[in-house]
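Structural features, examined
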Amino acid sequence: MAEPARFRLDGRDDPRPVLVVLHQETSTPGRVGQVLEAAGVRVDIRRPVLGERLPETLDAHRGAILFGGPPSANDLDPHLRHEIDWLDVPLRENRPFLGICLGAQMLSKHLGGTVGPHAEGLVEVGYYPIEATAAGRRLMGPWPPMVYQWHREGFSLPAGAVLLASGERFPNQAMRYGDNAYGVQFHAELTLAMMHRWTTRGHARLSLPGAQARREHFTGRAVFDAPVRRWLGDFLALVFGRSLGTP
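First, a word on scope: everything that follows refers to the structure included in this document. If you're wondering where the values come from, they're calculated on a predicted model, not measured in any experiment. (Residues numbered from 1 in each chain as written. Predicted model: local features only at pLDDT ≥ 70, side-chain atom pairs only at ≥ 80, totals over all residues. Heavy atoms only, no water.)

Extensive coverage of helix α4 (residues 102-110) is indicated by the burial of 7 of its 9 residues. Within α4, the full set of buried residues consists of Leu102, Gly103, Ala104, Gln105, Met106, Leu107 and Ser108. (Buried < 20%, exposed > 50% of the residue type's maximum accessible area, 1.4 Å probe, protein only. Helix = DSSP H or I, 4+ residues; strand = E, 2+ residues; numbered from the N terminus.)

Okay, here's the thing in structure tokens:
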């Protein structure tokens, strides 16, 4: 029997859009955007790589999501350095924030953590297991046992952050900092169309040490995507919605 919902995501509760930061001209917010749209929550998409500015305050936004992308959080590109510094805005204002993959790594770096490759050069490209920590289980309902990954680097847990989910190859998979800032290493936002694009345009990554073959990505999605989809809806309601009270 499914647990009753503990949080609600509804655009009528707060008419302000969620700021969405993307790292490529052709990138989209994927299933995150679909969940927000279905809940009546608008998005304001900015691409600093194209020269688009990030706001000096989030007073006009419900919160912010910093997505993933090809760069490393260690790259010295000015727009990436600016994004890491800009994270002071949601943290200082205590606004809802979610970093996904690169976005989570940027959050870790902003908070004094480190970002780097696996000690043996292994990657996570495909479906891999995670396990919620006690803190993660207290925070929300069930976490998916398998999630989609597409990364060569991981992040350390910064001082003051709480680990919400862990993995064997890259131990830090989800974290919370303060009341409203979250980071996840995996890609719950991936649609089927995005999987086709990533495994086609990024096919070279499928031959990296520890990566899964292209066919495994699609067979994995058929088996593991339903709980990921449910979790994403619940998680976005937790971060950007409102509590329905203690169950």
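What follows concerns the pattern of salt bridges. Scanning the model with the defined rule gives 10 salt bridges in all. For Arg95, the salt bridge is made with Asp59, and the minimal N-O distance between the two is 2.6 Å. Placement of Arg95 in the loop between α3 (88-93) and β5 (97-100) and of Asp59 in the loop between β3 (43-46) and β4 (63-66) is noted, with a sequence separation of 36 residues between them. Classification of Asp59 as partly exposed rests on a relative accessible area of 48%. A salt bridge links Asp225 to Arg229, with the nearest nitrogen and oxygen atoms 3.2 Å apart. Of this pair, Asp225 and Arg229 both sit in helix α7 (residues 214-240), 4 residues apart, which is roughly one turn of that helix. Residue Arg229 is classed as partly exposed on the basis of its relative accessible area, which comes to 44%. Here the salt bridges share partners, and the residues they tie into one network are Arg31, Arg221, Asp225 and Arg229. (Salt bridge = Lys/Arg side-chain N within 4 Å of Asp/Glu carboxyl O.)

Honestly, that's just the spatial picture; any functional story needs more than this.
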